[in-house]
Amino acid sequence: MNPIQTWNERRSTLEQERRFKRLIALHSLSDSWIRTLSPKESASHHLERMAKVTLNPNLWQFEKNRLDQLPLNLEELVGAQEIDGFLNELESTIWVIQTSTLENAETEASNQGEMKNILEQASWNHGKLHAESIWSERGNFNLREGVEAFLKTHVYGQGSFLKERDSVREITLIWKHSPRQNPTLQNSSALELLCALHEHWIRGFFYGASRNTSVRCGTTRILEESYPYFTLR
């Protein structure tokens, strides 16, 4: 706790607010999947489904306000909880909700290939719209500008990506903190689908920010652990 604040004050920093906005955008990707698979699902039913994930009162209020399209004020939502603790729990919960959503989709889908294609398109569209919402439909960043735009405004945690190669014509990013590195998600049957959909989200982001940049995805091994990478040209 900040020593200059009284015990009942929770004043967020600029970095905490930025992280909160990224998490809201990440969570809205889950909504895009649910709307794609169940377009008639109401917000109240969506909230009921969250009961499958243990939500503390602050997270429950966050989800309810969000689905009711009420203002999301970080300082009001955390209550007596530390802001960083709330954000950490929110991030963990969002990833669990995403895997739970995809596990359910895999179980219920009659055509796995069609389901995956639909979710990939929804993820790509979400990434594109996210980039355009921030960068005003630029679409004309050059390679380096597009990478910097991505690193500044993607929906993942700060420091999630490492530049492995950086030249005038090619830049490679390694996703250091992908779902593959999240111990909570590693036993999920939907882990591979989750990673694939986020790859499409990243492809969509770069299309929205930099039309002329091509994206190649793959995995690389570092110290016996697999990491996704993105080569941009």
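Above: the structure in question.
Numbering of residues starts from 1 in every chain and runs along the sequence as written. Since the coordinates come from a predicted model, pLDDT governs what is reported: local features require at least 70, and pairs of side-chain atoms require 80 or more to be given and counted, while whole-chain, interface and lining totals use all residues. Based on all heavy atoms of the structure, the side-chain values leave hydrogens and waters out of the count.

(A) Seen up close, the overall build of the chain. Broken down by element type, the chain carries 8 helices and 4 strands. Each helix is a run of H or I in the DSSP string that is no shorter than four residues. Each strand is a run of E no shorter than two, and both are numbered from the N terminus. In the chain, the order of α-helices and β-strands from amino to carboxyl end is α-α-α-α-α-α-α-β-β-α-β-β. On the chain, roughly 12400 Å² of surface is accessible, and the fraction owed to carbon and sulfur atoms is 49%. Note on areas: Shrake-Rupley, 1.4 Å probe, and residue coverage restricted to the protein chains presented here.

(B) Examining the packing of helix 6 (residues 112-135) against helix 8 (residues 191-209) more closely. Fitted lines through C-alpha atoms give the axes, limited to the stretch in contact for helices. The angle between two N-to-C directions lies from 0 to 180 degrees. It is at 7 Å that the axes of helix 6 and helix 8 come closest, and there the two elements cross at 40°. Here helix 6 is positioned oblique relative to helix 8, judged by the angle of their axes. The handedness of the crossing between helix 6 and helix 8 comes out as right-handed. Note on residue classes: Ala, Val, Leu, Ile, Met, Phe, Trp, Tyr, Cys and Pro are nonpolar, Asp, Glu, Lys and Arg are charged, and everything else, Gly too, is polar. Class assignment for the residues of the contact of helix 6 with helix 8 results in 12 nonpolar, 7 polar and 5 charged. For classification purposes, an angle smaller than 35 degrees is called roughly parallel, one larger than 145 roughly antiparallel, one from 65 to 115 roughly perpendicular, and anything else oblique. Two helices that cross are described as forming a left-handed crossing if the nearer one is turned anticlockwise from the farther one by less than a right angle, and a right-handed crossing if clockwise.

(C) Seen up close, empty space enclosed by the protein. Cavities and pockets are defined on a 1 Å grid built over the protein atoms alone: a cavity is a set of grid points where a 1.4 Å probe fits but cannot escape, while a pocket is an open set with protein on both sides within 12 Å along at least five of seven lines, and lining residues are those with an atom within 4 Å of any such point. Grid points are joined across faces, edges and corners, and a volume is the space filled by probe spheres set on the points. The final tally for this structure, using the stated rule, is 1 cavity of 30 Å³ or more. Considered as a void within the structure, the largest cavity measures approximately 50 Å³ in volume. In terms of lining, the largest cavity is formed by His27, Leu55, Leu59, Phe62, Glu63, Leu90, Thr93, Ile94 and Ile97. Mapped onto the lining of the largest cavity, the elements with two or more residues apiece are helix 3 (57-67) and helix 5 (83-108). The leading source of residues in the lining of the largest cavity is helix 5, at 4 residues. Partitioning the lining of the largest cavity into residue classes produces 6 nonpolar, 2 polar and 1 charged.

(D) How the structure looks around the pattern of salt bridges. In what follows, salt bridge is the name for a side-chain nitrogen of Lys or Arg lying within 4 Å of a carboxyl oxygen of Asp or Glu. Applying the stated criterion to the full structure yields 15 salt bridges. A salt bridge links Asp166 to Lys163; its shortest N-O distance comes to 3.4 Å. With a shortest N-O distance of 3.2 Å, Glu192 and Arg180 are connected by a salt bridge. Taken together, the positions of Glu192 in helix 8 and Arg180 in the loop between strand 2 (171-175) and helix 8 put the pair 12 residues apart, joining distant regions of the chain.

(E) Here's a closer look at the sheet that holds strand 2. Pairing between strands is defined by DSSP: at least two bridges between them are needed. The strand order 1-2-4-3 describes an open sheet built from 4 strands, whose pairing is antiparallel. Edge strands, defined here as strands with exactly one partner in the open sheet, are strand 1 (161-166) and strand 3 (215-222). The mean angle between the axes of side-by-side strands here comes to 30°, regardless of whether they run parallel or antiparallel. Bridge analysis of strand 1 against strand 2 gives 5 bridges, and the strand direction is antiparallel. Looking at strand 2, one finds that Leu162 is bridged to Ile174.

(F) Inspection of the packing of helix 7 (residues 143-153) against helix 8 at higher detail. Where helix 7 meets helix 8, the closest approach of the two axes is 10 Å, and the angle between their N-to-C directions is 125°. As far as their axial angle goes, helix 8 and helix 7 are oblique. With respect to the hand of their crossing, helix 7 and helix 8 are arranged in right-handed fashion. Across the interface between the two elements, Gly146, Val147, Ala149, Phe150 and Thr153 of helix 7 pack against Trp201, Ile202, Phe205 and Phe206 of helix 8. A per-class count over the contact of helix 7 with helix 8 returns 7 nonpolar, 2 polar and no charged. Here, two residues are considered to be in contact whenever any of their heavy atoms come within 4.5 Å of each other.

(G) Here's a closer look at the pairing of strand 3. As defined by bridge partners, strand 3 adjoins strand 4 (residues 225-232) across 8 bridges and the pair is classed as antiparallel. Looking at the pairing, Cys217 lines up with Phe230 of strand 4. Hairpin connection of strand 3 to strand 4: 2 residues between the antiparallel strands, including Leu223 at a positive phi of 50°.

(H) Just the environment of Ser133, in detail. Within the fold, Ser133 resides in helix 6. Residue Ser133 is classed as exposed on the basis of its relative accessible area of 57%. For each residue, the accessible area found with a 1.4 Å probe, counting protein chains only, is set against the maximum for its type, and the residue is called buried under 20%, exposed over 50%, and partly exposed in between.

(I) Molecular detail of the pairing of strand 4. Taking burial as the measure, the 8 residues of strand 4 include 6 buried ones, the bulk of the element. Direction of pairing for strand 2 relative to strand 4: antiparallel, over a ladder of 4 bridges. Each bridged residue has a counterpart across the sheet, and for Ile171 the counterpart in strand 4 is Leu232.

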